[in-house]
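# Observations on chain architecture
The primary structure of each chain is shown beneath.
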Amino acid sequence: MKAIELEKAYNPKDFEDRIYNDWEQKGYFKPASDEKSPVHESYCSCKSCGGKTGMYSVVIPPPNVTGVLHMGHGLNNTLQDIVVRYHRMRGDNTLWLTGTDHAGIATQNVVERQLKKEGKSRNDLGREKFLERTWQVKNAHHDIIVKQQRKLGNSTDWERERFTYDEGLSKAVRDVFVTLYERGLMYKGQRLVNWCPRCGTALADDEVDHEETQGAMYHIYYEYADGSGKIEVATTRPETFFGDTAVAVNPSDERYVKLVGKMLKLPLTGKQIPIIADEYVDKEFGTGMVKITPAHDPNDWEVGKRHNLEVINLLTPDGRLNENVPEKYRGLKPEQARKLVIEDLTEAGLFKNEEKMVHSVGHCYRCKTVVEPYLSAQWFVKMKPMADKALAAWKKGEIEFFPRKWENTYSHWLENIRDWCVSRQIWWGHRIPAWYCDCGETIVSREDPKSCPKCGADASHLKQDPDVLDTWFSSWLWPFSTLGWPEKTEDLERFYPTTALVTAYDIIFFWVSRMIMAGLEFTGKAPFHDIYIHGLVRDKQGRKMSKSLGNGIDPLEIIDMYGSDALKFTLAFMCAQGQDILVDKDSFKLGSRFCNKVWNASRYLLGNLEGRNLVPVKDSDLTELDRWIYSRLNYAAKTAREALESYRYNDAASAMMEYFWNEFCDWYVEATKINFKNGDDNEKDRQASVLMNILEENLRLLHPYLPFVTEEIYQKLPLSEIAVLRKAACSQEEQKIVSSVEYAGMLINAPYPEIMACRENPEVESRFDVLKDLIGKVRALRTECGIDPAEKINIAISVSKGSSAEVCYEKVEMIQLLAGVANVEFVSEKPESSIGTVGTGFEAFIIVDENINKEQLLQRFKKTLEKEQGYAKISESKLNGNFAKHAPAEVVAAERAKLEEGLRRIEKLNSYIKNL
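Here the residue numbering is sequential within each chain, running from 1 through the sequence in written order. Given that this is a predicted model, residues contribute local features only at a pLDDT of at least 70 and side-chain atom pairs are listed and counted only at 80 or more, while totals for whole chains, interfaces and linings are drawn from all residues. To get the side-chain values, all heavy atoms of the structure are used, and hydrogens and water are removed first.

For every residue, the accessible area (1.4 Å probe, protein chains only) is compared with the maximum for its type, and the residue is labelled buried under 20%, exposed over 50%, or partly exposed between those bounds. Each helix is a run of DSSP H or I of at least 4 residues and each strand a run of E of at least 2, with the numbering of both proceeding from the N terminus. Across the 8 residues of helix H21 (residues 707-714), 8 count as buried, placing the element largely inside the fold. Within H21 the residues assigned to the buried category are Pro 707, Phe 708, Val 709, Thr 710, Glu 711, Glu 712, Ile 713 and Tyr 714.

Now for the sheet that holds strand S16 (residues 420-421). The 4 strands are arranged S6-S5-S14-S16 in an open sheet whose pairing can be described as antiparallel. Sheet topology places strand S6 (201-203) and S16 at the edges, where each strand pairs with a single neighbour. By definition, two strands form a pair when at least two bridges between them are found by DSSP.

All right, on to the confidence of the model for the protein chain then. The predictor reports its confidence for every residue as pLDDT, a score running from 0 up to 100. In the predicted model, the protein chain carries a mean pLDDT of 92, and the fraction of residues at 70 or more is 98%. When the criterion is pLDDT under 50, residues 47-52 qualifies, and its contacts beyond four places in sequence or with other chains add up to 11 contacts. Contacts between residues were defined by any pair of non-hydrogen atoms, one from each residue, lying within 4.5 Å.

Attention shifts here to the packing of aromatic side chains. Classification of ring pairs uses Phe, Tyr and Trp, with its six-membered ring standing for Trp, and accepts pairs whose centres are within 6.5 Å; under 30 degrees between planes counts as stacked, over 60 as edge-to-face, and the remaining range as tilted. As enumerated under the stated definition, the model contains 44 aromatic pairs in all. Seen in terms of ring centroids, Trp 485 and Phe 522 are 6.0 Å apart; in terms of plane orientation they differ by 55°. Their pairing is tilted. Residue Trp 485 is located in the loop between helix H12 (478-481) and helix H13 (490-495), and its partner Phe 522 is located in helix H14 (residues 508-522); the two are separated by 37 residues in the primary sequence. The two residues Trp 485 and Phe 522 agree in class, both being buried. Relative to Tyr 668, the ring of Phe 664 lies with its centre 6.0 Å away and its plane at 25°, an arrangement referred to as stacked. With a gap of 4 residues between them, Phe 664 and Tyr 668 both fall in helix H19 (residues 649-678), about one helical turn apart. With respect to burial, Phe 664 and Tyr 668 carry one shared label: buried. The structure contains a cluster of three or more aromatic residues connected by ring pairs, namely Phe 177, Tyr 181, Trp 379, Trp 420, Phe 473, Trp 476, Phe 480, Trp 485, Tyr 496 and Phe 522. One cation-aromatic arrangement involves Arg 514 over Trp 420; the distance from NZ or CZ to the ring centre is 4.0 Å. By definition, being over a ring means that NZ of Lys or CZ of Arg is both within 6 Å of the ring centre and within 35 degrees of the ring normal. Here the guanidinium or amino end of Arg 779 rests over the ring plane of Trp 667, the centre of that ring lying 4.9 Å away.

Turning next to unusual backbone geometry. Cis geometry is found at the peptide bond from Phe 402 to Pro 403, where omega equals -5°. Inspection of the secondary structure assignment puts Pro 403 in the loop between strand S15 (400-402) and helix H10 (406-415). With phi around 70°, Lys 368 is a residue other than glycine that occupies positive phi space. Tracing the sequence through the fold places Lys 368 in the loop between strand S13 (351-364) and strand S14 (372-381).

Here we come to the nonpolar core. Judged by nonpolar contacts, the single largest core of 149 residues is most densely connected at Tyr 649, Phe 664, Tyr 668 and Tyr 705. Filtering out sequence-adjacent residues up to four positions away, Tyr 649 remains in contact with Leu 79, Gln 80, Ile 82, Val 83, Val 502, Tyr 532, Ala 572, Cys 575, Leu 644 and Tyr 705. If you look at the next biggest cluster of nonpolar residues, it comprises 73 residues, including Val 176, Trp 511, Val 512 and Met 515. By nonpolar core we mean a set of buried residues, namely Ala, Val, Leu, Ile, Met, Phe, Trp, Tyr and Cys, connected to one another through side-chain atoms within 4.5 Å.

A few words now on the packing of helix H23 (residues 762-785) against helix H26 (residues 854-879). Axes here mean lines fitted to C-alpha atoms, for a helix over just the part in contact, with angles spanning 0 to 180 degrees between N-to-C directions. Their axes nearest at 10 Å, the elements H23 and H26 cross at an angle of 85°. Classed by the angle they form, the pair H23 and H26 counts as roughly perpendicular. Residue-level contacts link Thr 783, Glu 784 and Cys 785 of H23 to Leu 857, Arg 860 and Phe 861 of H26. Here the residues of the contact of H23 with H26 are counted per class, giving 3 nonpolar, 1 polar and 2 charged. Here the angle decides the label: under 35 degrees means roughly parallel, over 145 means roughly antiparallel, 65 to 115 means roughly perpendicular, and every other value means oblique. Classes in brief: Ala, Val, Leu, Ile, Met, Phe, Trp, Tyr, Cys and Pro nonpolar; Asp, Glu, Lys and Arg charged; the others, Gly included, polar.

Here we come to the pattern of salt bridges. What counts as a salt bridge is simple: a side-chain nitrogen of Lys or Arg found within 4 Å of a carboxyl oxygen of Asp or Glu. If you walk through the whole model with that rule in mind, you get 72 salt bridges. We note a salt bridge from Lys 30 to Asp 157, for which the minimum N-O separation is 2.9 Å. Taken together, the positions of Lys 30 in the loop between helix H1 (16-25) and strand S1 (55-59) and Asp 157 in the loop between helix H5 (127-152) and strand S4 (162-163) put the pair 127 residues apart, joining distant regions of the chain. Asp 157 matches Lys 30 in its accessibility class, with the two residues each being buried. Ionic pairing is found between Asp 773 and Lys 777, a salt bridge with its closest N-O pair at 2.6 Å. Note that Asp 773 and Lys 777 are positioned in helix H23 at a spacing of 4 residues, about one turn of the helix. The partly exposed category is assigned to Asp 773, whose relative accessible area is 23%. Residue Lys 777 is classed as partly exposed on the basis of its relative accessible area of 26%.

Moving on, we get to the environment of Met 561. Positionally, Met 561 belongs in helix H15 (residues 555-562). Distance from Met 561 to Asp 282, taken between C-alpha atoms, is 60 Å for residues 279 residues apart in sequence.

This is the structure:
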């Protein structure tokens, strides 16, 4: 046959887009149960299994339609694509469902920033026009995101794509709201909430990011109303004392028992407030007296409820002081008012001092504005009944976290859960399905009401709640709403509960826990079993990537530089469970080098088919070298399968790279050159056929991690010939070791390599381990001696009788080829003028003869010895001095290990010099 030519240079731009379009157009991203799938005919849809045999389904964490994908999305999408491709190749009925999130506050912020540049606000446009503008932004960003996901190689079923604000999901959201209301789990109440003055909306507790901020503790005097003295209180927010309605002391604090009930003058006002007793006060902290501002502190709110205190709101919705403060402070922002209040208190003799301090301050998770506790009427979900179900599901093993450590985070949050504020004072999002009648009736309905059920008034007397629901209120329904719920669809029946969720640890509260609660509440089932929590992508300094730091990496830029496969393999290779990933642009050279290795090795093998005839290869035709590589292939497949089943991505990637690069390319392919050099045509045909069989299976092994390059090479293979020859070989004897797969379609749906006990060959592996050890040590010794790799040297080998190293007698030609050796002599003792190295069952010696400049070698060793002795002297000095007394124990241990290694090198160099 003729040689098969691959382009000389690996250039992913030549084929990645073409291959992706091919996969999509031919329906390979669809589950086997879909009639449009090319493998639909082989799908089992029998009633006994309900079509769920071998089902694997995943829903993508939907990215927000507010911008473009960052490297965190790149990691998350990569990890999902790997397991999805793996399960598809395993023959599972596989669905990866994609979509995007409308991201209420975030998307509205984008549009409002655009309007601000135009000198407008959303109120200038009105609700309807503003929503039209927001849909335009959504559509533009959605198109960018989809383009990026395709570039990444996401093998998602695009015809099933969903959006959290589409018609179907909107119906599910309304159904859930009404159902919760009917079950007594949804209510509206006047409560203290987290308020973002910039966004003008309430936030849930987990939408507040707490940051350490420089501030101060201000000490203020409150005078007794009867003029008999004064007390001292401390606060970080002196501008809020206008809303104080009491000062509290602990009822067991003997210092203040007699003061309870006494009245105080509120500074800078004509008001009086009482001293009350409450267990909340820590009598050991400060003066043991605490000002109570129910409308602006969550703890004070609870104290106020217990004592029926007046609640005075001091803020406007945009975060300025309102009419409940003296006129001179009205309209000021809190920090402006704070400065003025301190000046006025000082002038009145009521300010003692301030102490600088760092304290935790809440910020809006979207716009980073300081969040204010704010009294407001909002809609809330009662979470504890649902949280109890979610905890029970975890304890019963219905969900499993990978790694397990995240179970503690999950259980702690659910055990301490608070009611969820779900209403938002914005326009972009699911409108709350509640209407208020002029008669005072509240109507919560799945359909827009036409009249009031209480007074009979028509729709003109009904006003819908202007607020929308929290973005996460649609996201928590994602695993089942995307499959058609509340309708009973085929997809819901077949793919729910989904199999796995792959997501980052920063949204366990926002999303993961809530999805589990929603799934159990509305479907009676946990929405997934496996929960793989991966780390975040950070820069090399461990910092989170952000626009402000300028350290972000655009996935598309990396794909343009190195290709999608390089990005995917690098991220997966570095993704150890429970750890963040530290990368820069150069990190992705790792994946690029591996892609190049796969390309160049395949190019070499296909290019050497010139003049060869592929022949059937039976197990009995395999050489010991062939049996060794099949044993190593089996081990790699076993390691990869086991790792992927437990989401240990880096372990599978490491196993694949070690096998293909080191064992297959550097050892096996190199060793087969002996057969092509010395064998007859029959042997050359046999060896070429074995190589094609193994290369085909190698590509199947690597495909989930390197989908594009493996598919491109796979389509160049003589697949029809390989299939025919495998069939012929199987007809001659029961085929076991050599693959019997006859697949000749696209690699994306080819079977993943099976674990085959018949391929395991410990005896052969043991023999080849000795050969690899010997050749590796000779290579290392050459490097140490500074001998040019192209220079042929002479070596001697002493083999222990009865050891596994006796294989060396049989494999002289392989040793010569792979170690760059001209002659091998077997000896019983060390030859004169030689340098040796030791392994299990053997000693190997480089003969220092006329081919090696002895004087140059001696000078090299002496110079290296001098350096090593200098390093050792410095290390000994450190360990004998103050360093050992004051440095951390692990640093001292590392220094001691470094010294010991240096002393071993000194001993070895001295022996080399002596031998010469």
